[in-house]
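Reading the structure
Given next are the chains, with one letter for each unit.
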Amino acid sequence: MIHAKGLARSFQTKRGTVEAVRGVDFQVSAGEIVGFLGPNGAGKTTTLRLLTTLLRPTSGTAEVAGCNLISDPEAVRCKIGYVAQGGSAAPDATVTEELIYQARLYRINKTEAARRAEQLCKELDLAGLESRRSSTLSGGQRRRLDIALGLVHSPPLVFLDEPTVGLDPQARANLWDHIRRLRDKSNTTIFLTTHYLDEADALCDRILVIDHGKIVAEGTPEELKRQVSGDVIHVELSSELEKARKICSALPGIRKAVLSEETLHLNVDDGGQAMMNVLRALDTAQVPLTSIQLSRPTLDDVFLTLTGRSLRDDEIAKTGK
Ligand SMILES: Nc1ncnc2c1ncn2[C@@H]1O[C@H](COP(=O)(O)OP(=O)(O)OP(=O)(O)O)[C@@H](O)[C@H]1O
């Protein structure tokens, strides 16, 4: 459904050239839900804008839903749905009006547009809200309407840019159900960006990780977690963070020590043994610790190992939670 070949995009700025996307190659098969993850500024939105024809690549190309991005961008546009962050609200229009208007933009006739609006309201749990102004919808309802708007022309491929950002946990889980159903029912391919690792873990068949404009890893959530072999120790500290990092890095059996906020993440061979060594060493050096926890690697640990940054930090910076 997507074949990206050497896709690159740079921007000229006053401070020089910014290489936002540096030649990415990847494939997405029909019916897959693929998550596109990366720290802030990694190149996610730029890649999404390239694939949806909103930006022209500096070099490289892609086949998107069977159409060539460079030679036939119009055809690509007809075949895809794009749900941007924040949506495309016309606050005074009702839910049905917005859907019909969007369908008419795709030259769908009036009768069919009304039928499609009704069907999408049913499918996305918007039934009963058809005559509500979209400005009065809750966050979750608004995001479901945004997704419905991206689906009016029944595209085989849909791009979702951070679909659940700002939603409460219940509304997020509800939206995941809708996204899964969409794939299961009509085999729609879904390519989404997200800052939530639990979302990528629970929803995506496959994950692409981008950093500094390059794909640095890809695989199923389980495959990625297996890349961080061994155990992970999280040491929470209130002070002397760098001192603790240096001490732990020098201990036997510790493969990597990365600081993120007030937590020291340690990749270790043998969790039990390493835990004893860490406790002893920090105690001897009189570094106070708040808590220590041994666990199997999570996607956030994969992220830290690959990029040296926690996606959680970005999430906090973005949502303030
Ligand atoms: N129009 C532009 N002009 C100049 N630089 C740009 C432009 N658009 C993006 N960039 C730069 O390209 C890089 C990648 O940006 P992009 O928005 O694709 O990242 P992102 O992974 O989507 O980040 P975020 O998670 O913060 O949205 C960044 O360094 C950004 O500043």
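Scroll up to find the structure.
Residues numbered from 1 in each chain as written. Predicted model: local features only at pLDDT ≥ 70, side-chain atom pairs only at ≥ 80, totals over all residues. Heavy atoms only, no water.

Looking now at the environment of Arg 172. Within the secondary structure, Arg 172 is located in helix α6 (residues 169-186). Separated by 32 residues in the primary sequence, Arg 172 and Gly 140 place their C-alpha atoms 7.5 Å from one another. Not counting chain neighbours up to four residues away, the residues in contact with Arg 172 comprise Thr 164, Leu 167, Tyr 196, Asp 198 and Glu 199. In terms of polar contacts, Arg 172 uses its side chain to reach the side chain of Asp 198, at 3.0 Å. (Helix = DSSP H or I, 4+ residues; strand = E, 2+ residues; numbered from the N terminus. Contact = heavy atoms within 4.5 Å. Polar contact = N/O pair within 3.5 Å; in protein donor to acceptor, adjacent residues only side chain to side chain.)

If you look at the biggest cluster of nonpolar residues, it comprises 42 residues, and the most contacted ones within it are Leu 99, Ile 147, Leu 160, Ile 179 and Ile 207. Here this core takes five residues from α6, the largest share from any one element. Excluding anything up to four places from it in sequence, Ile 179 contacts Ile 33, Ile 147, Leu 160, Pro 163, Ile 190 and Leu 203. Judged by nonpolar contacts, the second largest core, of 27 residues, contains Ala 20, Leu 51, Leu 157 and Phe 191. (Core = buried A, V, L, I, M, F, W, Y, C linked by side-chain atoms within 4.5 Å. Buried < 20%, exposed > 50% of the residue type's maximum accessible area, 1.4 Å probe, protein only.)

Further remarks concern the sheet that holds strand β11 (residues 231-237). Within the open sheet, the four strands sit side by side as β12-β13-β11-β14. Their pairing is antiparallel. The open sheet is flanked by β12 (254-260) and β14 (289-295), the only strands paired with a single partner. Each adjacent strand pair in this sheet contributes to an overall mean axis angle of 15 degrees, direction not counted. Of the pairings in the sheet, the one linking β11 to strand β13 (residues 263-268) comprises six bridges and is antiparallel in character. Bridge pairing in β13 places Glu 236 opposite Thr 263. Where helix α9 (residues 241-249) meets the sheet, it contacts β11, β12 and β13, and its direction lies at approximately 170 degrees from that of β12. Here helix α11 (residues 299-307) sits on the sheet and contacts β11, β12 and β13; the angle it forms with β12, its principal contact strand, is near 95 degrees. (Pairing = 2+ DSSP bridges. Axes fitted to C-alpha atoms, helices over the stretch in contact; angles between N-to-C directions.)

Our next topic: the site of the ligand. Taken together, 14 residues lie near the ligand, and Gly 41, Gly 43, Lys 44, Thr 45 and Thr 46 sit nearest. Measuring from an oxygen atom of the ligand, one finds a backbone N or O atom of Gly 41 at 2.8 Å. Bound to the protein, the ligand loses 63% of the 630 Å² it would expose on its own. Secondary-structure elements contributing two or more residues to the shell around the ligand are β1 (2-13), β2 (16-28) and α1 (44-51). A total of three residues in the shell around the ligand trace back to one element, the largest contributor, which is α1. Its residues assigned to classes, the shell around the ligand shows five nonpolar, seven polar and two charged. (Near = heavy atom within 4 Å. Areas by Shrake-Rupley, 256 points an atom, 1.4 Å probe, with all protein chains shown as cover. Nonpolar A, V, L, I, M, F, W, Y, C, P; charged D, E, K, R; others polar.)

The subject of this paragraph is empty space enclosed by the protein. By the definition in use, this model includes one cavity of 30 Å³ or more. What the largest cavity holds in volume is close to 40 Å³. As for the largest cavity, its lining consists of Val 232, Val 258, His 265, Leu 266, Asn 267, Asp 301, Leu 304 and Thr 305. Going through the elements one at a time, β13 and α11 are the ones with two or more residues in the lining of the largest cavity. Looking at the lining of the largest cavity, its residues break down into four nonpolar, three polar and one charged. (1 Å grid on protein atoms, 1.4 Å probe; cavity = no way out; pocket = protein on both sides within 12 Å on 5 of 7 lines; lining within 4 Å. Points joined across faces, edges and corners; volume = space filled by probe spheres on them.)

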